[in-house]
Amino acid sequence: MSQPLTDSLLIELFTEELPPKALARLGEAFAQGLFNGLAERGLLDDGAQVTPFATPRRLAALISGVRAGAPDRELREKVLPVSVALGANGEPAPPLAKKLAALARTVGVEAIDWQQLERGSDGKAEALFYRYTARGALLADGLQQALDDTLARLPIPKVMSYQRPDGSTVHFVRPAHALIALHGANVVPVTALGLTAGNRTEGHRFLSSGDIEIAHAAAYADTLRDSGKVIASYAERRERIRTALLAAAGDDRVIMPEALLDEVNSLVEWPVVYACHFEEAFLAVPQECLILTMQTNQKYFALTDGAGNLRNRFLIVSNLETATPESIIGGNERVVRPRLADAKFFFDQDRKKTLASRVPQLANVVYHNKIGSQLDRVQRLQQIAGHIADVMNAAGVAVDKAAAMRGAELAKADLLTDMVGEFPELQGTMGTYYARHDGEAEDVALACSEHYRPRFAGDALPSNPVSIAVALADKLETLVGIWGIGLVPTGEKDPFALRRHALGILRMLIETPLPLTLDTLLALTEHAFAGVPAVKPARAGITEFLYDRVRGYLKDKGYTTNEVEAVVSLAPQRLDDILGRMEAVRTFAALPEAASLAAANKRITNILRKNTETIGSVDPALFQEAAEGALHGAVEAVRPGVEAAFAQGDFTSALRDLARLREAVDQFFDGVMVMADDAALRANRLALLASLHALANRVADISKLAA
């Protein structure tokens, strides 16, 4: 059969079961590596596309528009600078002969006549260049190189060594048994991992028997599905699992975290969903424990009713399709029972001791060797939470100080429970259950879990003032303490999640909202570390770090860089009104007067920055130009409205009133020389501008809006 010029290319590496948590990444890297490698060697058409495949026992890629050979290329290669290549008499120097001999061997010609070389500039000096036609790579050669490079660069979590039947040792993620390389219907003669390419593979380990021949590269997925009971596409198989889970759930809801869905998808080639049950008595255990047990240990999917209550029915994804699944169902039910029994045992044992009785034992748990134990930390949290409660109450946000301090005292006690020891993900959650069992107030119990909020972007904030006080204390203590011992986040390194803690603080202040100042919160937190000499004060650095997080937060909300800087550059101590300021700035920026006033404000800012002399009050008796009096009158006319609107938090009205100053400001700069020779006159005009500047920048620095 003659080989067409362009066709689809299939590469499949058939292996032992691949590590499930790495399968998706391996599949994408395998396919993309081959695609990029072929593209670099000119073996792909412009419209070529790659389709990745990955199952527990294979990595594969189908690439469309693959050429049988790359087109020839006209190349112009620099040989040597003229000053090196030619002697004073213009004849070739020894370095040129040596260079041309090496170049001839590279391009595959017998010899290169130096007189055929072209002269030209290399950007720095005159040089000699050799122009020649490079033959395009054949697919077999280019694919071999691309395959070798791709396998060498795969993100393999742990390489294993194994021996081939011929005694050779191979290093790969898992033993490989077969290699397919098909260009259309033709085998491409490449090798990998001791294997020679062919056109045969294997199907499902149990539902298929014998080798499967792939007649054409484009028929790969259909052939495996029809003859091998294998859904080769990772994405297609994943969606099939999701659809089957939803169908099997009926009126119930499936708890299917994306990570669990990925892991289960990486364990099966022909997924089938079956429903199983466990004894209702286990529902007395907190459902978070049961759900995590089923997900972590067994890879099962829990079900809840419409109200979110756990059902004693769960779903499994099997790799076996059968008309009589009773043995599969029964086996999984038997396996899960002791796991649930362990969870019940931990829960029962933990409740024999109160959370409060566990607190002293936190002295034996190291938090950080420079900061102290978890007990030291809890004592700081109590102090900080109490001070935050005082500040909140003073600001008009009612919070039970005693409850906040009790919540902080118990917040970390569940770290010493058996359940959290087995499932660290349940820290906080179990604290709430055990606090309720101990008879603690509901606000205290909720603080045990909610003080971790928000745990991630988009997570809910604490639901009540007590939880908010403890959550702020927890995040501030971490931020100030860890920063204070010099562990500042750098690049991608942030082992103590200070960025997440900072964003959590900001979200609580902005979204709750809370009328608390950053300086107050940082000061009371620093005070809690007064007896820890390793923690150095770093308020300025932390404050700037927080403002950087504010910038990112606001940009994620859709505000422009100029709008954000207009507000954040003022370093507002309170953040509860920052969204109102941002909307006011956006509204102001849309006014026809905005550009002119922003430019004028920028000019005023520069003038005041350059003149550091003490600026007094405005004296109207010193006005010489009509524009001075007009501007002063206009400023004083709008001042009451601007200040009243600002006091009421109506920032939009405040900025809209300022827009009325445009004409007076323009006339002032057109007709008045600010930097007059007369010192008194100059000082008075600077005072007038300073008065305008202070009023104009109450809400935001509108000069930042100037292009």
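Reading guide: rules and limits
Residues numbered from 1 in each chain as written. Predicted model: local features only at pLDDT ≥ 70, side-chain atom pairs only at ≥ 80, totals over all residues. Heavy atoms only, no water. UniProt positions renumbered as here; feature names shortened; annotations may be inferred. Buried < 20%, exposed > 50% of the residue type's maximum accessible area, 1.4 Å probe, protein only. Helix = DSSP H or I, 4+ residues; strand = E, 2+ residues; numbered from the N terminus. Pairing = 2+ DSSP bridges. Axes fitted to C-alpha atoms, helices over the stretch in contact; angles between N-to-C directions. Contact = heavy atoms within 4.5 Å.

By the naming in an unreviewed UniProt entry, the protein chain goes by Glycine--tRNA ligase beta subunit and is assigned to Cupriavidus gilardii J11. UniProt's Subcellular location (unreviewed entry) comment on the protein chain is quoted here verbatim: "Cytoplasm". In UniProt, the protein chain has this text filed under Sequence similarities (unreviewed entry): "Belongs to the class-II aminoacyl-tRNA synthetase family."

Enquirer: Run through the pairing of strand E1 (residues 6-15), naming residues and quoting values.
Expert: Burial analysis of E1 places nine of its ten residues in the buried class, which makes it a mostly covered element. As judged from the eight bridges shared by E1 and strand E3 (residues 58-67), these two strands associate in the antiparallel manner. Bridging across to E3, Phe14 finds its partner in Arg58. Pairing of E1 with strand E9 (residues 176-183) involves seven bridges; the strand directions are antiparallel.

Enquirer: Could you give an account of the UniProt feature "domain: DALR anticodon binding" (unreviewed entry) in the protein chain, with specific residues and numbers?
Expert: With numbering matched to this structure, UniProt assigns "domain: DALR anticodon binding" (unreviewed entry) to residues 599-693. Across residues 599-693 one finds 71% helix and 0% strand; the C-alpha atoms that close the span lie 12 Å apart.

Enquirer: Describe the sheet that holds strand E10 (residues 186-187), listing the residues and the values that go with them.
Expert: If you walk across this open sheet you meet the five strands as E2-E3-E1-E9-E10, and the pairing is antiparallel. At either end of the open sheet lies a strand with only one pairing partner, and these are strand E2 (50-55) and E10.

Enquirer: Can you explain the sheet that holds strand E5 (residues 118-121)? Please cite residues and give values.
Expert: Ordered in space as E4-E6-E5, the three strands form an open sheet in which the pairing is antiparallel. A single partner strand is all that each edge strand has here, and the edge strands are strand E4 (73-81) and E5. Geometrically, the sheet is characterised by an average inter-axis angle of 45° between neighbouring strands, direction not taken into account. As defined by bridge partners, E5 adjoins strand E6 (residues 126-134) across four bridges and the pair is classed as antiparallel. Looking at E6, one finds that Arg119 is bridged to Leu128. Each of E4 and E6 touches helix H3 (residues 94-107); the most contacted strand, E4, lies at about 160° to it.

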